[in-house]
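# A structural walkthrough
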Amino acid sequence: MAYYRRRLPHLQFNEGTYFITFGLAGSLPTHAVDYLRQEKQRIKDSPKEEIDKSQKLYFKKYDHLLDSGSSPLWLGKHKVANIVVNKINELDNERYILLCYTIMPNHVHLLFKLTESRAKARGTFDPASKYPVTHILKLLKGATAFKCNKLLNRSGSFWHHESYDRLVRNHQERDNIVRYILENPVKAGLVSKYDEWNWSYCRNKALPSRSIVPRASAQDQ
């Protein structure tokens, strides 16, 4: 387990399932960034028994602001989204076990599982690394930012410097998160059914026991 502090305390374990959301640079207006910064400080100062609930409410507000954002929408371009998908898949079974993702026009939802035993077996476990999730995001965002900027013929920041990450507590929470990830394009009004969205994936073993059943992916065949 590792503990680090930026604007909000985080816990990072070498074992566990993590839900990650990160957005494009400029995907949130200045007033929204200021509001979220104040909310993070408020959560940080909250009583311990209220932090979990407050973090969930914070995420709902954060994701709503991302969904309602109008610019930039670089991930809405197929070639750009494909760069992100390829890197996510490249890290599967190397840095994590990929469970589910959705690429939205201006942000990404990602669910994966860390297993210390698998990392050791593959030689990717670094006992000196205190922040495995942070390291994974650095690999993912760094490589994709360079390629996407090159494709778009632009320079500067591609991703927003911060992200949301949450350690999933139990199977019920995981099922709820999978549903949320896959249904996000529907709730954002991009498609009428979740399986009409081209940039979503869920590993069969991560599917909830009832409700949605996404299209089969080449990774599961």
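Scope of this entry: the structure provided in the associated data block. This structure is a prediction, so every number in the text was calculated from the model and none was measured. (Residues numbered from 1 in each chain as written. Predicted model: local features only at pLDDT ≥ 70, side-chain atom pairs only at ≥ 80, totals over all residues. Heavy atoms only, no water.)

### Quick word on unusual backbone geometry
The general pattern is negative phi for most residues beyond glycine and trans for most peptide bonds. Here is the rule we go by: Helix and strand definitions follow DSSP, with helices as H or I runs of at least four residues and strands as E runs of at least two, each counted in order from the N terminus. When accessible area is computed with a 1.4 Å probe and restricted to protein chains, residues below 20% of their type maximum are described as buried, those above 50% as exposed, and intermediate ones as partly exposed.
In this structure, N93 is a non-glycine residue whose phi angle is positive, near 65°. Counting through the fold element by element, N93 comes out in the loop between α3 (78-91) and β4 (97-103). Phi at N153 is positive, roughly 55°, even though this residue is not glycine. Along the chain, the position of N153 falls in the loop between α5 (132-152) and β6 (159-167). The exposed category is assigned to N153, whose relative accessible area is 73%.

### So, the sheet that holds β6
Basically, it comes down to this: Strands were regarded as paired on the criterion that DSSP finds at least two bridges between them. Note on geometry: axes are lines fitted to C-alpha atoms, helical ones only across the stretch in contact, with angles between N-to-C directions running from 0 to 180 degrees. Contact definition: two residues touch when any of their heavy atoms are within 4.5 Å.
Here five strands make up an open sheet; going across it, the order is β6-β3-β5-β4-β7 and the pairing antiparallel. Taken across any chain shown, the strands that pair with only one partner, and hence form the sheet edges, are β6 and β7 (200-202). On average, each strand axis in the sheet is tilted by 20° relative to the strand beside it, whichever way the strands run. Where β4 meets strand β5 (residues 107-114), six bridges bridge the pair, whose relative direction is antiparallel. Each bridged residue has a counterpart across the sheet, and for L98 the counterpart in β5 is F112. The strands that α3 touches are β4, β5 and β6; relative to β4, the one it contacts most, it runs at about 170°.

### As for the pattern of salt bridges
The condition is simple: A side-chain nitrogen of Lys or Arg and a carboxyl oxygen of Asp or Glu constitute a salt bridge if their distance falls within 4 Å.
Within the structure shown, the criterion is met by three salt bridges. As a salt-bridge pair, D92 and R203 come within 2.8 Å of each other at their nearest N and O atoms. With D92 in the loop between α3 and β4 and R203 in the segment after β7, the pair connects residues that are 111 residues apart, well separated along the chain. For D92, a relative accessible area of 10% corresponds to the buried category. Residue R203 is classed as buried on the basis of its relative accessible area of 16%. A salt bridge links E173 to R166; the shortest N-O distance between them is 2.5 Å. Assessed through its relative accessible area of 12%, E173 is described here as buried.

### Observations regarding the pairing of β6
Most of β6 sits out of view: seven of its nine residues are buried. The pairing of strand β3 (residues 16-24) with β6 spans six bridges and is antiparallel. If you follow T21 over to β6, its bridge partner there is Y164.

Limitation: the analysis is restricted to geometry and does not speak to function.
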